[in-house]
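What the coordinates show
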Amino acid sequence: MHNLYQELHREIKKYQSNPKHKWKREMAVHVPMIGTRYNSHSNMRIMWIGRALNGEESEPAFNQNAQDFSDKMISKFTDHSRFDWLRNYNYRRSAFWRTSKLVAEALLSASSSVDDWYEDLVWANLYTVAPSKGGNPCSSLCTAQRMTCGKLLKKQIELLKPSHIVFVTDWNWFCEFNQPATDSMPLFCDIRFNNNENSVIVGRGNIGHATVVVTRRPERHFTDKFFAECVIKALTDNK
């Protein structure tokens, strides 16, 4: 992944140097977080994927050169203690984390607990770079990093070997990410739209041997229990 993180560094530096973007804010960089128990599971390794960071503290990541940046990102990827922050975070404020807890406890009940269910998961995002003070990356920032982030996510999935992947992104975000250029093949060819506008599940398929579902965002639309039950059913029905 070293070359991909160096590529990302170049793309973001190019983006920052373009005067039409008028980028003034600090950026946050997300590297997938791997729970301490994730690799202990053989048949149910869950990767929980969001859109991008929201409200992460900034760091001067792009003030480094590309090699140092890449080294730091790889160091984070191999550090399995990075979920510690969630111990002190009030996850109840976030439907993203509340529903991940319900799914993990249902499908990984042997080791999940009230306090540290996340140690059984991998948490990733579509987009690696986001505004540090909150909110999703704007359209131009998504475009600048989309191709490289797609390659990064494919490589991360290859290395982490999840058996089940949940894209908690809405179909429009997933679809745009999945086909980063109009004349390109989709990154993940075997995921299809689920044409049911009332459903939590808006996409299904596979990435390699992994069962994949794409969901609507849980905020405001569903109860946590209903959302989690739909995800659990989709993952277990499609074995």
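Please refer to the structure placed before this passage.
Scoring rules and cut-offs
Residues numbered from 1 in each chain as written. Predicted model: local features only at pLDDT ≥ 70, side-chain atom pairs only at ≥ 80, totals over all residues. Heavy atoms only, no water. Helix = DSSP H or I, 4+ residues; strand = E, 2+ residues; numbered from the N terminus. Rg over C-alpha atoms; globule rule 2.2 N^0.38 Å. Buried < 20%, exposed > 50% of the residue type's maximum accessible area, 1.4 Å probe, protein only. Contact = heavy atoms within 4.5 Å. Areas by Shrake-Rupley, 256 points an atom, 1.4 Å probe, with all protein chains shown as cover. Lys, Arg positive; Asp, Glu negative; His and termini not counted. Charge placed at Lys NZ, Arg CZ, Asp CG, Glu CD. Salt bridge = Lys/Arg side-chain N within 4 Å of Asp/Glu carboxyl O. Pairing = 2+ DSSP bridges. Axes fitted to C-alpha atoms, helices over the stretch in contact; angles between N-to-C directions. Arc of directions from axis to C-beta. Expected span 1.5 Å × (residues − 1). Disulfide = S-S within 2.5 Å.

Glancing now at the overall build of the protein chain. Summing up its helical and strand segments, the protein chain has six helices and nine strands in all. Computed over its C-alpha atoms, the radius of gyration of the protein chain comes to 17 Å, within 12% of the 18 Å expected for a compact globule of 239 residues. Principal axes of the C-alpha set define a box for the protein chain whose edges measure 50 × 40 × 30 Å. Taking all 239 residues of the protein chain together, the buried fraction comes to 54%. Long-range contacts, defined here as pairs at least 24 residues apart, represent 74% of the contacts in the protein chain between residues at least 6 apart. For the protein chain, the accessible surface area stands at approximately 11,600 Å², while carbon and sulfur atoms represent 47% of it. In the protein chain, 32 positive and 25 negative side-chain charges are present, and the distance between their average locations comes to 4 Å.

One pass over the full model with this rule turns up 13 salt bridges. Between E229 and K225 there is a salt bridge, with the nearest N and O atoms lying 2.5 Å from each other. With a gap of four residues between them, E229 and K225 both fall in helix α6 (residues 224–237), about one helical turn apart. Residues participating in the shared-partner salt-bridge network are R37, D116 and D120.

Looking now at the sheet that holds strand β8 (residues 201–207). In space, the seven strands of this open sheet follow the order β2-β4-β3-β6-β9-β8-β7, with mixed pairing throughout. Across the chains shown, the open sheet's two edge strands, defined by having one partner strand only, are β2 (33–34) and β7 (191–193). Taken together, the six bridges between β8 and strand β9 (residues 210–215) define a ladder with antiparallel strand orientation. When the sheet's bridge partners are listed, N206 is paired in β9 with T211. Sheet strands in contact with helix α4 (residues 139–160) are β2, β3 (46–50), β4 (121–125), β6 (164–168) and β8, and its direction is about 165° off that of β3.

Bringing helix α5 (residues 171–178) into the picture now. Taken residue by residue, α5 has W171, W173, F174, F177 and N178 as its buried positions. Here the buried residues of α5 occupy an arc of 165° about the axis, which is enough to place them on one side. Structurally, α5 contributes buried residues whose contacts are with α4, β6, β7, β8 and β9.

Spanning 16 residues, helix α1 (residues 2–17) covers 23 Å between terminal C-alpha atoms, matching the ideal 22 Å at 1.5 Å per step. Taken together, the buried positions of α1 are L4, Y5, Q6, E7, L8, H9, I12 and Y15. Summarising the contacts, the buried residues of α1 are in contact with β1 (27–29), α2 (66–77), β5 (129–131) and α4.

What follows deals with the pairing of β9. Of all six residues that make up β9, six are buried, and the element is covered over most of its length. Side chains A210, V212 and V214 of β9 all project onto a buried face; the interleaved residues T211, V213 and T215 project onto the opposite face, where all are buried too. Taken together, the five bridges between β6 and β9 define a ladder with parallel strand orientation. Paired with V166 across the two strands is V213, which belongs to β9. Counted between consecutive antiparallel strands, the loop separating β8 from β9 contains two residues, among which G208 sits at a positive phi close to 60°.

In the structure shown here, the tally under the stated rule is zero disulfides. Unpaired in this structure, C138 has its nearest cysteine sulfur neighbour in C142, at a distance of 7.0 Å. Looking at C138, the relative accessible area reads 32%, which means it is partly exposed. Left unpaired, C189 is separated from the closest cysteine sulfur, that of C175, by 12 Å.

Here we take up the side chain of H164. Within the element layout of this structure, H164 appears in strand β6. For H164, a relative accessible area of 4% gives the class buried. The contacts of H164, once residues within four sequence positions are left out, are N43, M44, R45, I46, M47, A210, T211 and L235.

Mapped onto the elements, W85 comes out in the loop between α2 and α3 (95–107). Each residue touching W85, except ones within four places of it in the same chain, is listed here: M33, W97 and W123.

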